[in-house]
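Take a look at the letters that make up each chain.
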Amino acid sequence: MGPRFSQTLEMWAFEPRREPRDTRPPVAALARTSLTVPFPQTDDRLLESLRARRPGAWLHFYDAFAPYVLSVLRKVMGPDRELEDLLQDVFARALEGIDRVRDAEKLKPWLRSLTVFTSRELLRRRKWRSWLPLGDADAEEDVIPYPTTTDALEERLLLRKVKAVLDALNVDDRLAFTLRHFEGLELTEVAETMKMSLSTAKRRIARAEAEFKRRAHADRDLRGCLAEGTEFAS
Amino acid sequence: MSEFRTIGQRYEKALGKQRDTRNILTQARARFAEKLHGVDTPAPSRWRVALPAFGLLAAAAVVAFLVWPEAPLGVSLRGQPQLAVDFVQAPATGEEVVDFSDGSEVRLRGNSQLRILGVTPEGAQVSLERGAAHVAVVHRRATKWVFSAGPYRVHVVGTQFELQWNPETGALEVEMDEGIVEVDGPGLARQRVTSRQKLEAFAQPASASLYLEGAPADSIETASVTRRRPSARKEPATVAAPEKPVVLGASWRYLADKGDAVGAMNAAEQAGFAWLTNSMPRGDVLVLGDVARKAKQPARAMEAWLAVRARFAGTVGASEAALRLGHLAEDRRDIDEAVRWYSEAVREAPNAATAPEALGDWMDALVRAGRTENARVIAAEYLKRFKNGPDAAAARAVLGK
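Structural notes on the overall build of chain A
Move 1: Counting secondary structure elements, chain A contains 11 helices and zero strands.
Move 2: When the helices and strands of chain A are read in sequence order from the N terminus, they spell out α-α-α-α-α-α-α-α-α-α-α.
Move 3: Residues counted as buried form 47% of the 234 residues belonging to chain A.
Move 4: Taking the intrachain contacts of chain A between residues at least 6 apart in sequence as the baseline, contacts between residues at least 24 apart amount to 63%.

Some remarks on the pairing of strand β6 (residues 124–137) of chain B
The side chains of a regular strand alternate between both faces of the sheet.
Residue and element names in this part refer to chain B.
Move 1: With 10 of 14 residues buried, β6 lies mostly within the body of the structure.
Move 2: Pairing of strand β4 (residues 105–108) with β6, which is carried by four bridges, proceeds in the antiparallel orientation. Note on β6: the bridge partner recorded for Glu 105 is Ala 136.
Move 3: Where strand β5 (residues 113–119) and β6 come together, six bridges link them in antiparallel fashion. Residue Val 119 lies in a different strand from β6, and its bridge partner there is Ala 124.
Move 4: Sheet topology note: the β6/strand β7 (residues 145–149) ladder contains three bridges and is parallel. Bridging across to β7, Ser 127 finds its partner in Ser 148.
Move 5: With seven bridges connecting them, β6 and strand β9 (residues 159–166) associate as antiparallel partners. By the bridge assignment, Val 137 is partnered in β9 with Thr 159.

What to know about the pattern of salt bridges
Move 1: Taken as a whole, this structure holds 44 salt bridges over all chains when the rule is applied.
Move 2: The residue B:Arg29 makes a salt bridge to A:Asp63 at a minimum N-O spacing of 2.7 Å. Taken together, the positions of B:Arg29 in helix α2 (residues 21–36) and A:Asp63 in helix α4 (residues 57–77) put the pair across two chains.
Move 3: When its relative accessible area of 29% is taken as the criterion, B:Arg29 is described as partly exposed.
Move 4: Exposure remark for A:Asp63: the relative accessible area of 40% places this residue in the partly exposed category.
Move 5: Measuring nitrogen to oxygen at the nearest pair gives 2.7 Å for the salt bridge that ties B:Asp331 to B:Arg293. Residue B:Asp331 is located in helix α10 (residues 316–331), and its partner B:Arg293 is located in helix α8 (residues 282–294); the two are separated by 38 residues in the primary sequence.
Move 6: Linked by salt bridges that have partners in common, B:Arg78, B:Glu95, B:Asp99, B:Glu105, B:Arg107, B:Arg109 and B:Glu162 make up one network.

A few points about the packing of aromatic side chains
Move 1: Overall, the coordinates contain 17 aromatic pairs over all chains when judged by the stated rule.
Move 2: Seen from their ring centres, A:Phe177 and A:Phe212 are 4.9 Å apart, and the 25° between their planes marks the pair as stacked. In this pair, A:Phe177 is assigned in helix α8 (residues 171–181) and A:Phe212 in helix α10 (residues 198–216), connecting sequence segments 35 residues apart. Of the two residues, A:Phe177 and A:Phe212, neither departs from the other in class, the shared state being buried.
Move 3: Considering the side-chain rings of A:Phe212 and B:Phe4, the 5.7 Å spacing of their centres and the 75° angle between planes classify their relative orientation as edge-to-face. Linking A:Phe212 in helix α10 with B:Phe4 in the segment before α1 (5–16), this pair reaches from one chain into another. Accessibility classification places A:Phe212 together with B:Phe4 in one group, the buried group.
Move 4: Put simply, the rings of A:Trp58, A:Phe61, A:Tyr62, A:Phe65, A:Phe91 and B:Phe32 pair up and form one aromatic cluster.
Move 5: Positioned above the aromatic ring of A:Tyr68, the side-chain terminus of A:Lys108 is 4.4 Å from the ring centre.
Move 6: The aromatic ring of B:Trp341 is capped on one face by B:Arg340, whose charged end is 4.6 Å from the ring centroid.

About the criteria used
- Residues numbered from 1 in each chain as written.
- Chains lettered and ligands numbered in written order.
- Predicted model: local features only at pLDDT ≥ 70, side-chain atom pairs only at ≥ 80, totals over all residues.
- Heavy atoms only, no water.
- Helix = DSSP H or I, 4+ residues; strand = E, 2+ residues; numbered from the N terminus.
- Buried < 20%, exposed > 50% of the residue type's maximum accessible area, 1.4 Å probe, protein only.
- Contact = heavy atoms within 4.5 Å.
- Pairing = 2+ DSSP bridges.
- Salt bridge = Lys/Arg side-chain N within 4 Å of Asp/Glu carboxyl O.
- Phe/Tyr/Trp six-rings, centres within 6.5 Å; stacked < 30°, edge-to-face > 60°.
- Lys NZ or Arg CZ within 6 Å of the ring centre and 35° of its normal.

Here it is in structure tokens:
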């Protein structure tokens, strides 16, 4: 095994030149090209590297899975100004809990589960804060960070309205509902992700659907979307 | 299920158009990389026994922390802890540092004034009345920090940034080191400024420009000047009080933005080159060094980058300056000196965005110096850490793969 990198730093950083200078052209001039070689590790090897805390493995893990985690976060949370904090929290928890993952195939579902539970903590904390008699000083400020330029007004309104309905749901119901209908998971996957029985998952989804419909019917645009869905179904 | 199909599809489509995805991924990656520092090496086995005990202790500490009644943050002036801090004025040629009990600090630059308006358990309200300050707020679960500068308010969660306010010209600058702030004020409504971005705003008439700071160092000569987006405000010199150095500083920047390096250096000399390097935000001093290098004034470039290393020691900026100093040493064919600077750049910020380039340039310099054995060690390290990096092919060539 060669010297550790920190040792090589000490060894080579300030060492005076011992050999005559090479007149060959610099290597970088010959071969400084951008490569498109994909990261070759399989999930098995990646998991092994993560558990061994190999340098670079965790950032590869982040690069490979962060877009998926962010996609799940967006669906369960909606547009939210704390998405970045949540994303970072999910990976910080992954760092702590990776030793519990035994099977590389479970890596993605495990990360999805971490994502959902991390979101649940934040949503519950917000609910509790909203019950405090002093209210939440930041509530007014916690607006949806809409893009300001090209996005259609209708889409922005839809996001705002759906988020408002989701915010009104029970937190666990909301998570089960969004995983089922927005993330498109099977019922068994919802139950597995939320660490609950299949019947509980079904019950929570059904309750959220009823509440979502009740609230959506009070809004013309959301009512229209629901009606389109019904027509499509029939 | 299909009843929700349309609404789900539209919701997903609208979410997909949110434009902050790349930003969020980048920011969270940077924070995660910081967390990884020192973690992505195998832990000694004895920790496997000790960790649960530490975990229990930490859990007890967290419980105690949660149930303990919170007191407002303590504030003190560094070096004079007995003084009550309300108003702080930094001397013309020095700095004052205001420490908060949560570990946050405000480093008030020379000739600047700051007033503490109030402190709470979650943070503080601070007014920068004039001048510049470097702010480092420690991120906690519940933080609420607001920095006001004239009509502007900067909302902070956990971050490091440089804030400048000139009440005579109504000019505000917010330059981010890391994290996110939001700025309210004339012409701005909760404007987000994130890592490596710089906001310049003018109160009268209200206008603001957001710049993306930094550029790959392999194109340092022009990148930091030309890659900046064109400012909406083309005539920064129209602001009042032309005798103030800060206005002359804007002038060098304006010329630099136009690509006139020699003119920018003349303007910087008029404003006082040393004053600029010792008072401007980190990013500006780095750019000033780039301009000096482009104007064939390596001594000035070195002065600027050494100033960054002295003023912002231990930050990513110091590492960026080391990388640039390495390039400068290569300009004068002092390969040993270049090797020394590249090694410093890697050692100081091993996870920074500049690390692949610094490591690659280090390897390249060793090859130029004929120190092939050393270059092979660095090449192997490069491939281990940045298998798909821009110098990976060069590293393989060094290793003969």
